Amino acid sequence: FRFFGGDLMSIQGGTRVKHYKELAYMGFIPVLLHLRTIFANMKYCKEDIVAYAPDVVILVDYPGFNLSIAKFVKEKTSIPVYYYISPKIWAWKEYRIKNIKRDVDELFSILPFEVDFFHKHDYPVHYVGNPCVDAVAAFQDGRKESFQEFISANDLPDKPIIALLAGSRKQEIKDNLPDMIRAASTFPEYQLVLAGAPGIDADYYRKYIGGAKVSVVFGKTYDLLRQSEAALVTSGTATLETALFRVPQVVCYHTPIGKIISFLRKKILKVRFISLVNLVADKEVVKELVADSMTVENIRAELGRILHDKEYRRQMLDNYDRIIDILGPAGASQHAASRMVSLLKGL
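Attention in this report is confined to the structure presented alongside it. All values reported here derive from a predicted model rather than from experimental measurement.

**Considering the packing of helix α12 (residues 237-244) against helix α16 (residues 310-327)**
Next, step 1: Axis separation between α12 and α16 bottoms out at 9 Å; the angle between their running directions is 110°. In terms of axis orientation, α12 runs roughly perpendicular to α16. Each of L240, T242, A243 and L244 in α12 lies in contact with α16, whose residues at this interface are Y320, I323, I324 and L327.
Next, step 2: Residue composition of the contact of α12 with α16, grouped by class: 7 nonpolar, 1 polar and no charged.

**Comments concerning the side chain of E288**
Next, step 1: Tracing the sequence through the fold places E288 in strand β12 (residues 288-290).
Next, step 2: Reaching out from E288, the side chain makes a polar contact with the backbone nitrogen of I274 at a distance of 3.1 Å.
Next, step 3: Polar side-chain contacts of E288 include one of 2.9 Å to the side chain of N278.

**With respect to the sheet that holds strand β7 (residues 161-165)**
Next, step 1: Ordered in space as β9-β8-β7-β10-β11-β12, the 6 strands form an open sheet in which the pairing is parallel. Every interior strand has two partners, whereas the edge strands, β9 (214-218) and β12, have only one. Taking the axes of each pair of neighbouring strands and ignoring which way they run, one obtains an average angle of 25° across the sheet.
Next, step 2: As paired elements, β7 and strand β10 (residues 228-233) share 5 bridges and run parallel to each other. Bridge assignment links I162 to a residue of β10, and that residue is A230.
Next, step 3: Contacts between helix α10 (residues 202-209) and the sheet are confined to β8 (191-196) and β9, with β9 contributing the most and set at about 160° to the helix.
Next, step 4: In the packing of helix α15 (residues 296-308) onto the sheet, the strands contacted are β7, β10, β11 (249-253) and β12, and the crossing angle to β10 comes to about 155°.

**Points about helix α7 (residues 131-140)**
Think of an α-helix as turning once every 3.6 residues; residues three or four places apart then point the same way.
Next, step 1: Buried within α7 we find C132, V133, D134, V136 and F139.
Next, step 2: In this fold, the buried residues of α7 make contact with α11 (221-226), α12, α16 and α17 (332-344).
Next, step 3: One side-chain oxygen of the residue at the start of α7 lies 2.8 Å from the amide nitrogen of C132, identifying that residue as N130.
Next, step 4: At the exit of α7 stands G142, carrying a positive phi of roughly 80°.

**Some words on the pairing of strand β4 (residues 81-84)**
Next, step 1: What you see with β4 is no split at all: V81 and Y83 on one side and Y82 and Y84 on the other are buried throughout.
Next, step 2: For strand β3 (residues 57-60) and β4, the ladder comprises 4 bridges, and the chain directions are parallel. Considered in β4, the bridge of V60 is made with Y84.
Next, step 3: After leaving β3, the chain enters helix α4 (residues 63-76) and then returns to the sheet as β4, a path that is right-handed.
Next, step 4: For β4 and strand β5 (residues 106-109), the ladder comprises 3 bridges, and the chain directions are parallel.

**Some words on the sheet that holds β4**
Next, step 1: The strand order across the open sheet formed by 4 strands is β3-β4-β5-β6, and the pairing between neighbours is parallel. Every interior strand has two partners, whereas the edge strands, β3 and β6 (126-127), have only one.

**Points about α12**
Next, step 1: By the criterion of burial, α12 is predominantly enclosed, with 7 of the 8 residues buried.
Next, step 2: Of all the positions in α12, only A238, T239, L240, E241, T242, A243 and L244 are classed as buried.

**Comments concerning the nonpolar core**
Next, step 1: The biggest cluster of nonpolar side chains holds 106 residues, and the ones touching the most others in it are Y84, F118, I162, L164, L177, L232 and L303.
Next, step 2: Non-local contacts of L232, meaning those with residues more than four positions away in its chain, are made with A163, L164, L165, M180, A184, V250, C252, I299 and L303.

**A word on the packing of α7 against α12**
Next, step 1: Direction vectors running N to C along α7 and α12 enclose 45°, while the axes themselves pass 10 Å from each other. The orientation of α7 with respect to α12, classified from their angle, is oblique. You can see that α7 and α12 cross each other, and the crossing is right-handed. In this structure, α7 uses C132, V133 and V136 to contact α12, whose residues at the interface are T237, L240, E241 and L244.

**Re the packing of aromatic side chains**
Next, step 1: Across all of its chains, the model carries 10 aromatic pairs by this definition.
Next, step 2: Both rings, one in Y62 and one in F65, keep their centres 5.8 Å apart while their planes meet at 10°; by these two values the pair is stacked.
Next, step 3: Among the residues examined, F65 registers a relative accessible area of 7% and is labelled buried.
Next, step 4: Seen from their ring centres, F139 and Y222 are 5.4 Å apart, and the 80° between their planes marks the pair as edge-to-face. Remark: Y222 occurs in helix α11 and F139 occurs in helix α7; sequence separation between them is 83 residues.
Next, step 5: On the basis of relative accessibility, which here comes to 15%, the residue Y222 falls in the buried class.
Next, step 6: Each member of the aromatic cluster is reached from another via a ring pair, and the members are F117, F118 and Y123.

About the criteria used
- Residues numbered from 1 in each chain as written.
- Predicted model: local features only at pLDDT ≥ 70, side-chain atom pairs only at ≥ 80, totals over all residues.
- Heavy atoms only, no water.
- Axes fitted to C-alpha atoms, helices over the stretch in contact; angles between N-to-C directions.
- Helix = DSSP H or I, 4+ residues; strand = E, 2+ residues; numbered from the N terminus.
- Parallel < 35°, antiparallel > 145°, perpendicular 65-115°, else oblique.
- Contact = heavy atoms within 4.5 Å.
- Nonpolar A, V, L, I, M, F, W, Y, C, P; charged D, E, K, R; others polar.
- Polar contact = N/O pair within 3.5 Å; in protein donor to acceptor, adjacent residues only side chain to side chain.
- Pairing = 2+ DSSP bridges.
- Buried < 20%, exposed > 50% of the residue type's maximum accessible area, 1.4 Å probe, protein only.
- Right-handed = clockwise from strand over helix to strand, strands pointing away.
- Core = buried A, V, L, I, M, F, W, Y, C linked by side-chain atoms within 4.5 Å.
- Left-handed = near helix turned anticlockwise from the far one by under 90°.
- Phe/Tyr/Trp six-rings, centres within 6.5 Å; stacked < 30°, edge-to-face > 60°.

Pasting the structure below:
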């Protein structure tokens, strides 16, 4: 194995050519400022693949970079290209299907509804399971911490918990956390516990918590979800993880100029939902308060329903169980690896 990756990949062995931190830039301005570095890294990656001449190139996620590599490998070499965690072209940029069909020999999906999407484009893919299922199953295995042990270990009061998962980026936290707190603070019989994101300093959270009664725990998101009665979640992988822990939730995603974003979303996005929970279920299981619909009043109303309406809460949990069945058993990465080896051996 020879790879462009991070510390966890390095632990597994092989030769790391470059750390992914040298490649990943988020947002328009950072990308613009680092264009020369991005192009240099891409050129180096292509040259390194040709020099190493592997039996297969395995691309993982990151389509902006990896689809360019796939095109080069297909044009300039006879090396097969496998892609794990398929690009989300079903949401937007559907035209990329032509590039994928041309440049990618085998595509490995972690979202079950992608199978039908690619089938409609006459391109079969392998559904291997979802890594979130693996992560949650590994965490839950043998876990016995009680609610009392959790609140004692984290110096929390003895009150039921509303979890706040406000995203992992500073802009997301700035946009979402204040309204989440204002809405959830109207339920005084519950305590608010915020899941601190890696790389975000506690002082940054304090700017938006202000004088509100909110506790912050770092590195314990799964522990927190396991003990929570409800959650306010900024859309992303966290919505699916929350469902896997069977915690009723409200999806909250504020954006500036909300009405314009809502209009553009309807015109540009090809999907009805933004949360993975609803996308997997192919129906509204959890309420998505996005752009102009994300208001303190709307969050408060929906949070009240999932806390106090027993039938509404039961229906959400029943739908979670259906989603868990659709996702299938744990072992996504192992399933992907085994299938890749079988394909390479011609089995």
